[in-house]
Structures are given as C-alpha cells and as structure tokens.
Amino acid sequence: MVRQEPGRQQAADIVRDAGGRLVGRTKLQKVAYLLELAGLGAGFQFEYRHYGPYSEDLADAMQMAVAFDLVSEEERMTDWGGTYSIYMSLSPPKSQRDQRTAFAQLAAEVGAVELELAATAAYLKTIEGSRDPWEDTKRLKPEKATSLRLSAAKRAYKNLQRLPVPKKLPNL
Amino acid sequence: MQRDRLMTGLQNSGIDFTWLMANLEIGKIKTGVDQEEVGEVETFILGPKAYYAAETYVLSLFQLYPTVYLHKTTRAAEKLFSAMFLQIVKLVRDGSKERTGLQHGHPLIRFASDPESLEHVLSLDDAVFWGALGMLAGAKDKVIQACATHLRDRKLPKCVDIRHDLVAAIGANRSLSPEQREQKNKQLERLTGAIEKRLQSWAENNSTGVPRILTDRASRDPYKRFEESKGPLNQIHIHLADKQISDVAECSPVIAAIETFELFRAYVTDSEAKTQVEKIVHDELGKQHG
C-alpha cells in the first residue's frame, strides 16, 4: 500500500497534541522533527536549514491548516526584530493522553533555543553520523550554544528520552 | 538582473550595483529564536546613502518575476520539460532506458541512473539538452516523444490564468478591509487546492502523450520577510542616519506596501482540455458559493 503524504490535518494534529497551543515556528518544526525521530510522526521529511531540522512540507501544510480553519495563527513582532507565530488548535483535544501527546507536550515545554539545539544535535547524529553532535552543534551555532543553554538542551533531551516511545531517541 | 531586464520593458531594473557595493558596511544585528532574543551577530549592512538604491533593487527584482522568471511562456516550456524529464527518470529507473530515445551512456541517462553523483550533475548543461532534443523526439515512449516534439517545434500549451479568474469571481480586491481580505485569501487557498487536485486527476486519466493539463502554482514575495528556515542574515539591513540598523522592510514604506505576486495557471494542449479547466473552476466556485 502506498503511504499518503502528510498534509494539513497532520500539521494541525501536532498543535492539538502539543497541548492545543504552540508558540513559534521554530518550536513547531522542532517538536515535529522529534516526533518523527521517536516514531510518533506523520512522515514529514526534514532537511538542515538555518535553525536546524526544517520541513518545507510541514510549513506548507501548516499554511493550509490555517486556510482550512484547522488551526489559527497569530503573528507577533519580537523585541529582537523578527516575528513569531502563535498557533492555536481549533480541534478538540484527544480524549485520552497517549505516548504522542505526552511526548509532544513535553517537547513543547522546552525553551525555543534549547529545543533547537537538542533537535539539531539529534539531526547531526542521525542524518550526518556526527560522533560528537553536541560539540558540532556548538560549532554550528556559536551565538546560541552557550554552556548554560547546552546544559539545558541536554537535560531536556534526556527527559524526552525517558518517555516510552515506539522508536528510541538516539543517544547523543 | 542587469541582463534579464533587456527586451522585457524593464530597463529600469538596471540597479546601481556600484553604489550598493560602495555603501556596504559591516555591522551587528540582533538575532533570536521565536520570541527569545539570543544575542548579536556580525553581517553586511548597507549605509544610509544606499537607502533608495536598496529600495530600487528590491522593487526591480520583484518586477522581473511576472515579466521574465514567471512569464507564462517560459513556465509552459518549463512544465513540458519537467514532465518529459520525470518520464526519462522513471523509465531509466524501471530499466526501460531504450524507450527514452537516448543512447546508452548519454549524460541524461547517467544522471537519471545516479543523480547523487556530482560528476553526472556537472555533465549536464544547455548543450546536452538541445543536442538530445532530436533523439528524444524519436523516443518510443509517447510522453517523451510528444513533449520533445512540442518543445522542438515551439508548440507550447496555452495558458489559462485561473487565479486571475478566481480573484475576479470572489471579489478579492484591494478595497476590502484587512479582515475581509484575509477571509478571501483563505477562500482562494481552498479553491486553488481543490481545483488543482481535480485538474491533475483529469489530466492523469485523459492523457496519453503530453499531459493535456499542466498546473502551475508559484508565489514571489517582493522582499522575503524574516523566515525561520533562512534566519536574520538573509535579510537586507540598512544603517539609518540615526545610527539604528533596520531591516529594509521595516523602514521602507515602498517595500512594505508591495504584496506577494501569486500565480495559479493551467496550461492546456487542446480545446477540450481548456473547456474542462473552465468547467472545473466553475464547479468549484459554485460549491464555495453554496
């Protein structure tokens, strides 16, 4: 059987399962990436971009989810000059908490920078076979990877690794 | 840009490159992730004297999209080429390369067999394609044969500008309030998605050679606002007279006012296909209006 490519409903489900509210496009992308890595994703394909693993298909699907009123998006200006989006699910939450919701919600609670660092390290290990993914992450993102943030990212990743998931997250 | 503007009615797109380069400086800009500020990074910025030159650059580049890069004839040829190339790859992968009309070891065959090879990529250029066109026109495979013949004889499919028709039909014009426009844009997105799916399905079921309907969707921002995938260093920053550094979209009312250029077209090979496009558009518009 040919597997159908994920679309707007699958993009909207990420917001719903992450607690119904997701702040930031970076966070959306990284939560989705880690879900894929844990075997809980919908099949979005990721590649490396400026902020780490990124899926153009997910970005497009989320745009369609907004167009079809599955998700609302509010765009705000940041103090540093960029913009960020707040996604709100317009679907009712799942009746029961499962592995996917537990994982997505824990990932969504991590700070955006720390989540980006953790997802980047996981990507470098999984896709590029990095021997020291944290060190490589530090080299790629020197302005973000301070020792404080890296420690927080490692802690957050370890917490995610402790959750029961279909596919074990790689050790970094 | 200085070359592409020629013979297109856009002589004004000849930007002041020397002035822009002469006013390039190094400065520090703030960076962050979502709403969190991270720190500062060094990057190139333009000096205050290059403000209008930067504005002209953005506007001029934008105008080259509808007139050159996304011109309907150019895109029709690209769509034909894509359909043909995909078929070549498919046949090579299926072990039927003799049906492509190309000789064993041709650069296109080698590329289709192993597209990850840098050597194979570097062996492709305009000359290889033009040289192959005659052979492709003699292919046993009907899709390749028909696409190559159309390209060779400049018999390109005709364009139906669906987005133009949809905008007119649902009244998505500039006189609406921002909220109304947002609703209309969502409606356009939904219509576009539904129509595109039906057109592709019809073409798949009713074509033997060249796909009888080829759909085309694209959008081009005049100036790409900050994007998660590219980061702040992708932006044009200006050092303003008051020593502030700003993203050009935030300080230029000209750039801020330009809207994204979007297209949704169908290219049709015959009158029946054209009628089908019109029917599907009409049907979907009817559904939206209840």
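Residues numbered from 1 in each chain as written. Chains lettered and ligands numbered in written order. Predicted model: local features only at pLDDT ≥ 70, side-chain atom pairs only at ≥ 80, totals over all residues. Heavy atoms only, no water.

Interface size is commonly expressed as the accessible area that is lost once the parts come together. Of the residues lining the interface, 34 residues belong to chain A; the matching set on chain B comes to 21 residues. In total, about 2500 Å² of surface goes out of reach between chain A and chain B, with carbon and sulfur atoms giving 56% of it. Applying the counting criterion to the chain A and chain B interface returns 1 salt bridge. Of the charged contacts in the structure, one is a salt bridge between Asp69 of chain A and Lys186 of chain B, with a shortest N-O distance of 2.7 Å. Scanning the region where chain A abuts chain B turns up 9 residue pairs in polar contact (both at pLDDT 80 or more). (Contact = heavy atoms within 4.5 Å. Buried area = accessible area lost by both parts, 1.4 Å probe. Salt bridge = Lys/Arg side-chain N within 4 Å of Asp/Glu carboxyl O. Polar contact = N/O pair within 3.5 Å; in protein donor to acceptor, adjacent residues only side chain to side chain.)

Attention shifts here to the pattern of salt bridges. Residues and elements named next belong to chain A. Counted by the stated rule, this structure contains 30 salt bridges over all chains. The shortest N-O distance in the salt bridge between Glu116 and Lys141 comes to 2.6 Å. One end of the pair, Glu116, is in helix 5 (residues 112-126); the other, Lys141, is in the loop between helix 6 (133-140) and helix 7 (147-161), and 25 residues separate them in sequence. With respect to burial, Glu116 and Lys141 carry one shared label: buried. Among the charged side chains, a salt-bridge network with shared partners connects Asp13, Arg16, Asp17, Lys94, Asp98 and Arg100. (Helix = DSSP H or I, 4+ residues; strand = E, 2+ residues; numbered from the N terminus. Buried < 20%, exposed > 50% of the residue type's maximum accessible area, 1.4 Å probe, protein only.)

All names here are of chain B. Relative to strand 2 (residues 36-46), strand 1 (residues 24-33) is paired through 10 bridges, and the arrangement is antiparallel. Residue pairing in the sheet places Lys28 in a bridge with Glu42 of strand 2. The loop that links strand 1 with its antiparallel partner strand 2 comprises 2 residues; one of these, Asp34, has a positive phi angle of about 50 degrees. (Pairing = 2+ DSSP bridges.)

This brings us to the packing of aromatic side chains. Here the structure, examined in full by the defined rule, presents 10 aromatic pairs over all chains. Measuring from ring centre to ring centre gives 5.6 Å for Phe81 of chain B and Phe85 of chain B, while their planes differ by 25 degrees; the resulting arrangement is stacked. Placement of the pair is Phe81 of chain B and Phe85 of chain B together in helix 3 (residues 72-93), with a separation of 4 residues, close to one helical turn. Of the residues examined, Phe81 of chain B reaches a relative accessible area of 30% and is grouped as partly exposed. On the accessibility criterion, Phe85 of chain B (18% relative accessible area) is buried. Aromatic pair Phe81 of chain B and Phe129 of chain B: ring centres 5.0 Å apart, planes at 85 degrees, arrangement edge-to-face. Taken together, the residues span a long stretch of sequence, with Phe81 of chain B in helix 3 and Phe129 of chain B in helix 6 (residues 126-137) at a distance of 48 residues. Taking NZ or CZ as reference, Arg8 of chain A lies 3.7 Å from the ring centre of Phe68 of chain A, over its face. (Phe/Tyr/Trp six-rings, centres within 6.5 Å; stacked < 30°, edge-to-face > 60°. Lys NZ or Arg CZ within 6 Å of the ring centre and 35° of its normal.)

The next point concerns the confidence of the model for chain A. Confidence in the prediction for chain A averages 91 pLDDT; 98% of positions are at 70 or higher. Confidence, read as mean pLDDT per element, is least for strand 4 (residues 71-77) of chain A in chain A (89) and greatest for helix 2 (residues 25-37) of chain A (96). (pLDDT = per-residue confidence, 0-100.)

Residues and elements named next belong to chain A. What the 3 strands build is an open sheet, ordered 1-5-4; its pairing is antiparallel. Taken across any chain shown, the strands that pair with only one partner, and hence form the sheet edges, are strand 1 (21-23) and strand 4. The mean inter-strand angle of the sheet, taken between neighbouring strand axes irrespective of direction, is 15 degrees. Relative to strand 5 (residues 83-89), strand 4 is paired through 7 bridges, and the arrangement is antiparallel. The residue bridging Glu75 from the neighbouring strand is Ser85, located in strand 5. (Axes fitted to C-alpha atoms, helices over the stretch in contact; angles between N-to-C directions.)

Next up on the list: the pairing of strand 4 (residues 213-220) of chain B. Each regular strand shows side chains that alternate between the opposite faces of the sheet. Residues and elements named next belong to chain B. Among the 8 residues that make up strand 4, 6 are buried, leaving the element largely enclosed by the rest of the structure. Sheet analysis places strand 4 next to strand 7 (residues 261-268), joined by 8 bridges and oriented antiparallel. When the sheet's bridge partners are listed, Asp216 is paired in strand 7 with Arg265.

Residue and element names in this part refer to chain B. Between helix 3 and helix 7 (residues 142-152), the shortest axis-to-axis distance is 9 Å and the interhelical angle comes to 150 degrees. The pairing of helix 3 with helix 7 is recorded here as roughly antiparallel in orientation. Classified by chirality, the crossing of helix 7 by helix 3 is left-handed. Contacts between helix 3 and helix 7 pair Ala77, Leu80, Phe81, Ala83, Met84, Gln87, Ile88 and Leu91 from the former with Val143, Ile144, Cys147, Ala148, His150 and Leu151 from the latter. (Parallel < 35°, antiparallel > 145°, perpendicular 65-115°, else oblique. Left-handed = near helix turned anticlockwise from the far one by under 90°.)

All names here are of chain B. Pairing is antiparallel in the open sheet, where 3 strands are placed in the order 3-7-4. Each end of this open sheet is capped by a strand with a single partner; those strands are strand 3 (158-161) and strand 4. Ignoring which end each strand starts from, the neighbouring axes of this sheet average 30 degrees apart. Against the sheet, helix 3 contacts strand 3, strand 4 and strand 7, and its axis sits at roughly 120 degrees relative to strand 4.

Here we take up helix 7 of chain B. All names here are of chain B. Taken together, the buried positions of helix 7 are Val143, Ile144, Ala146, Cys147, Ala148 and Leu151. Residues of helix 7 that are buried in the fold lie against helix 3 and helix 6. Between the side-chain oxygen of the N-cap and the backbone nitrogen of Val143 there are 3.1 Å, and the N-cap of helix 7 in question is Asp141.

What follows covers the packing of helix 9 (residues 178-206) of chain B against helix 12 (residues 271-288) of chain B. All names here are of chain B. At a closest axis distance of 10 Å, the pairing of helix 9 and helix 12 adopts a crossing angle of 140 degrees. Once helix 9 is placed against helix 12, the crossing between them reads as right-handed. Contacts from Gln187, Arg190, Leu191, Ala194, Ile195, Arg198, Leu199 and Trp202 in helix 9 reach Glu272, Ala273, Gln276, Val277, Ile280, Val281, Asp283, Glu284, Leu285, Lys287 and Gln288 in helix 12. Of the residues that constitute the contact of helix 9 with helix 12, the class distribution is 10 nonpolar, 3 polar and 6 charged. (Nonpolar A, V, L, I, M, F, W, Y, C, P; charged D, E, K, R; others polar.)

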